[in-house]
Amino acid sequence: ASSTISRLSTGSTPSKPHRLISTSQILPHGHLDYVHDISFDYYGRRFATASGDRTVRVWDLNSDGMWMSGELGSGNGNATKPNEWVAARGAVRRVCWSHPEFGQLLATAGADHSVVIWEEREGNFKSLATPDDNINNNAAMAGGNTNNTSSSGDTTSSRWVQKATLSDARRAVTTVEFAPRHLGLRLASGSADGVVRIYEALDTMNLNHWKLDGVIEAEVEDTADNTEAGQQMNIGDNLSNENMGVSSLSWCTGRFEPATLCVGFSSGRVSLYRYDDGARSWLEAIRLPNHATANGVPRGVLDVAWAPNVGRSYHLIATCGKDNRLRVHRVKRGRGGKGEEGASQTAASSSLVHEGTEDLDRSEVWRCQWNLTGTVLASSGDCGVVKLWKSDFQGKFKCISEIVGDTTGMGAASAVRNQ
């Protein structure tokens, strides 16, 4: 199996002044199971992959513009000592990077009910990317023990040290994301038990200790089995997959906003939560339109993405769900007392007001993400196509480009169809 990494740059011709040029590299990712998540760091020169085989692998962009994993890599992305390690006792669902001000930190969300914090350290450590026996030696490896040179692993290029394990979740952790830099070293995790947990490092110089700083509890509809809905779907869905509690979350990056989270649930609900200093808790500030079928049957939210706010007087939030809809919601700051129905009046007085929702795509979309300026939205699904969306002068989003991955494993890595 392999992954295709594309880099886009702008070119110009008389007929197409903003043509996109794609240069791609096919990477043999080396995982033994599905790759569940890919996350780029702050500068876009490193990315991490998380897989169902319990491992995480980190890739770096070298001086030749090629991606490789490990210190002794060749130009085709292979490495004799891959920068890979076992990160959980089950599948690794999500991986994310912190802001570089706090160092090279990764957080992983696992099916083993835990979030693990990893820090990159220079020097030789015992490789964590070894089979079964090595998973039981994580405590020794977290301390950088280089004396153990048993046959289960070599002292190789694994420079990632386990700093803390956050295991408050009662079911699998489905999503995790570090907070923006101005909020300090915090992270939010969502799990299948329907709870969002916010953690904060007690000391940024000692990452072994994190405190549970806040909890957002799901409503009954987000965790209860909906048998009637499952019968109406009649498309072979597994109710256990529908009943996943929190499916995705995203932080508001605005520096002049209180700490705010967008949370998507498997019930189809999308809510914005804001920390209230008076109540010292997280309260629901506004509820966005649910993801549901035309008949009103709830469908799960697959991903949410809060656009970085660069000079706008309003916020843009993208969501996609199992109802085969990609949406962009427009939310602005209000003067209080205008919260949506079902939102807490205390949090609504903050205040956020839902202005409107635009449906962009009616095909199957699994993930969505904004660029650094919040002007271009990327979406991807099972069709092997990444679509790029941008608003026109009227504020309506249009698909400006499609990046088509090589699904045959032969020929060119990808092609870009410009609209």
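A. Region of interest: the overall build of the chain. What the chain contains, in helices and strands, is 5 helices and 30 strands. A burial count over the chain gives 50% of its 419 residues as buried. If you take every contact in the chain between residues at least 6 apart in sequence, the share linking residues at least 24 apart comes to 50%. Summing over all exposed atoms, the chain offers an accessible surface of approximately 19,600 Å²; the carbon and sulfur share of this is 47%.

B. A look at the nonpolar core. Core analysis: the biggest nonpolar cluster contains 19 residues, and Ala107, Val115, Ile117, Phe178, Leu185, Leu187 and Trp210 have the highest contact counts within it. Among the secondary structure elements, those contributing two or more residues to this core are β9 (105-110), β10 (115-120), β13 (160-166), β14 (173-178), β16 (195-203) and β17 (206-217). Non-local contacts of Val115, meaning those with residues more than four positions away in its chain, are made with Ala107, Thr108, Ala164, Thr165, Leu166, Val173, Val176, Leu187 and Ser189.

C. Here's a closer look at the sheet that holds β17. Strand order in this open sheet of 4 strands is β14-β15-β16-β17, and the pairing throughout is antiparallel. This sheet does not close on itself; its edge strands, each paired only once, are β14 and β17. Across the sheet, the mean angle from the axis of one strand to that of its neighbour is 25°, orientation sign disregarded. Note that β14 and strand β15 (residues 186-191) share 5 bridges and pair antiparallel.

D. Local environment of the packing of aromatic side chains. Under the criterion given, the structure shown has 11 aromatic pairs. A ring pair is formed by Phe40 and Phe47, whose centres lie 5.2 Å apart and whose planes are at 45°; its orientation type is tilted. By relative accessible area, Phe40 is classed as partly exposed at 40%. For Phe47, a relative accessible area of 2% translates into the label buried. Both rings, one in Phe47 and one in Trp59, keep their centres 5.9 Å apart while their planes meet at 10°; by these two values the pair is stacked. Placement of Phe47 in strand β4 (residues 46-51) and of Trp59 in strand β5 (residues 55-61) is noted, with a sequence separation of 12 residues between them. An aromatic cluster is built from Phe40, Phe47, Trp59 and Trp67, whose rings are joined through pairwise contacts.

E. Quick look at the sheet that holds β9. Taking strand neighbours across the sheet as the criterion, the 4 strands line up as β8-β9-β10-β13 in an open arrangement whose pairing is antiparallel. At either end of the open sheet lies a strand with only one pairing partner, and these are β8 (92-97) and β13. This sheet shows a mean twist of 25° between the axes of neighbouring strands, independent of strand direction. In the sheet, β10 pairs with β13 via 6 bridges, with the strands oriented antiparallel.

F. Region of the structure containing the environment of Asp359. By the element assignment, Asp359 lies in strand β25 (residues 352-361). The partly exposed category is assigned to Asp359, whose relative accessible area is 36%. In sequence terms Asp359 and His329 are 30 residues apart; their C-alpha atoms lie 8.9 Å from each other. Those residues within four positions of Asp359 in sequence are excluded, and the remaining contacts are Arg325, Leu326 and Arg327.

G. Summary view of the pairing of β16. In this sheet, β16 lies alongside β15 in antiparallel orientation, the contact comprising 5 bridges. Within β16, the residue paired with Leu187 across the bridge is Tyr199. Direction of pairing for β16 relative to β17: antiparallel, over a ladder of 8 bridges. Its bridge partner lying in β17, Ile198 is registered against Gly214.

H. Looking closely at unusual backbone geometry. Look at Arg54: it is not a glycine, yet its phi comes out positive at around 80°. For Arg54, the location among the structural elements is in the loop between β4 and β5. Phi at Asn324 is positive, roughly 60°, even though this residue is not glycine. Topologically, Asn324 is positioned in the loop between β23 (314-321) and β24 (325-333).

About the criteria used
- Residues numbered from 1 in each chain as written.
- Predicted model: local features only at pLDDT ≥ 70, side-chain atom pairs only at ≥ 80, totals over all residues.
- Heavy atoms only, no water.
- Helix = DSSP H or I, 4+ residues; strand = E, 2+ residues; numbered from the N terminus.
- Buried < 20%, exposed > 50% of the residue type's maximum accessible area, 1.4 Å probe, protein only.
- Contact = heavy atoms within 4.5 Å.
- Areas by Shrake-Rupley, 256 points an atom, 1.4 Å probe, with all protein chains shown as cover.
- Core = buried A, V, L, I, M, F, W, Y, C linked by side-chain atoms within 4.5 Å.
- Pairing = 2+ DSSP bridges.
- Axes fitted to C-alpha atoms, helices over the stretch in contact; angles between N-to-C directions.
- Phe/Tyr/Trp six-rings, centres within 6.5 Å; stacked < 30°, edge-to-face > 60°.

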